[in-house]
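Analysis of the macromolecular model
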Amino acid sequence: MSAAITPTVGDPRPGYGLRVRKDGIRTLAVADADCPCGQFSRAASGDVEVESLVISYGRHRRDECPIEAVRVAAERQYAQLQQSLSKRRK
Ligand SMILES: [Zn+2]
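Residues numbered from 1 in each chain as written. Predicted model: local features only at pLDDT ≥ 70, side-chain atom pairs only at ≥ 80, totals over all residues.

1. Comments concerning the overall build of the protein
Tallying secondary structure elements over the protein gives two helices and three strands in all. Starting at the N terminus and ending at the C terminus, the protein contains elements arranged as β-β-β-α-α. Within the protein, the proportion of its 90 residues that are buried is 14%. Here the analysis covers contacts within the protein between residues at least 6 apart in sequence; of these, 32% occur between residues at least 24 apart. (Helix = DSSP H or I, 4+ residues; strand = E, 2+ residues; numbered from the N terminus. Buried ≥ 20, exposed ≤ 12 C-beta atoms within 10 Å, placed from the backbone. Contact = placed C-beta atoms within 7 Å.)

Right, dumping it as structure tokens:
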């Protein structure tokens, strides 16, 4: 496993999306996320920061993104998540 934990925002890479990594309990969680619309591109390190990045990325995709296909996909994912959460509660 690579020991590199630097956020990768800014690196050339093929795709968009959210990456989160946490290698073991003694390392900080790191994450970066970017959206094809170009309005959301952030990196975070630290458990709390990563969690809030994940939440705000999800919110951007569902509510704020100017690209309709992104919002539609996010809405679908969100619905599935809600479904699996309510199933687990039973
Ligand atoms: Zn977007």
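Here the narrative resumes.
2. Some thoughts on the nonpolar core
Most often, soluble globular proteins keep nonpolar side chains buried together rather than apart. Residues Val30, Ala31, Ala33, Cys35, Phe40, Ala44, Val50, Leu53, Tyr57 and Cys65 constitute the largest nonpolar core, which totals 10 residues. Elements that contribute at least two residues to this core include exactly β2 (30–34) and α1 (47–64). (Core = buried A, V, L, I, M, F, W, Y, C linked by C-beta atoms within 7 Å.)

3. Notes on the sheet that holds strand β1 (residues 17–21)
With antiparallel pairing, the three strands of this open sheet are ordered in space as β1-β2-β3. Each of the sheet's edge strands pairs with one partner strand only, and the pair in question is β1 and β3 (41–45). Ignoring strand direction, the axes of neighbouring strands in this sheet form an average angle of 5°. Sheet topology places β2 next to β3; five bridges connect them, and they run antiparallel. By the bridge assignment, Asp32 is partnered in β3 with Ala43. (Pairing = 2+ DSSP bridges. Axes fitted to C-alpha atoms, helices over the stretch in contact; angles between N-to-C directions.)

4. Brief notes about the environment of Phe40
Following the sequence through the fold, Phe40 ends up in the loop between β2 and β3. Residues Phe40 and Cys65 lie 25 residues apart in sequence; the distance between their C-alpha atoms is 8.5 Å.

5. Quick word on the confidence of the model for the protein
With 81% of its residues at a pLDDT of at least 70, the protein reaches an overall mean of 83. Low pLDDT, under 50, characterises residues 1–14; the predicted model gives this stretch 15 contacts beyond four residues in sequence or across chains. (pLDDT = per-residue confidence, 0-100.)

6. As for α1
With 18 residues, α1 should cover 26 Å at 1.5 Å per step; its first-to-last C-alpha distance of 24 Å lies within 8% of that length. For α1, the full list of buried residues reads Val50, Leu53, Tyr57 and Arg61. The buried residues of α1 occupy one face: seen down the axis, they fall within an arc of 60°. Opposite its buried face, α1 presents the exposed residues Val48, Ile55 and Asp63, each directed more than 90 degrees away. (Expected span 1.5 Å × (residues − 1). Arc of directions from axis to C-beta.)

7. Examining the environment of Arg71
Secondary-structure assignment places Arg71 in helix α2 (residues 68–89). Sequence-wise, Arg71 and Arg59 are 12 residues apart; in three dimensions their C-alpha atoms are separated by 9.5 Å.

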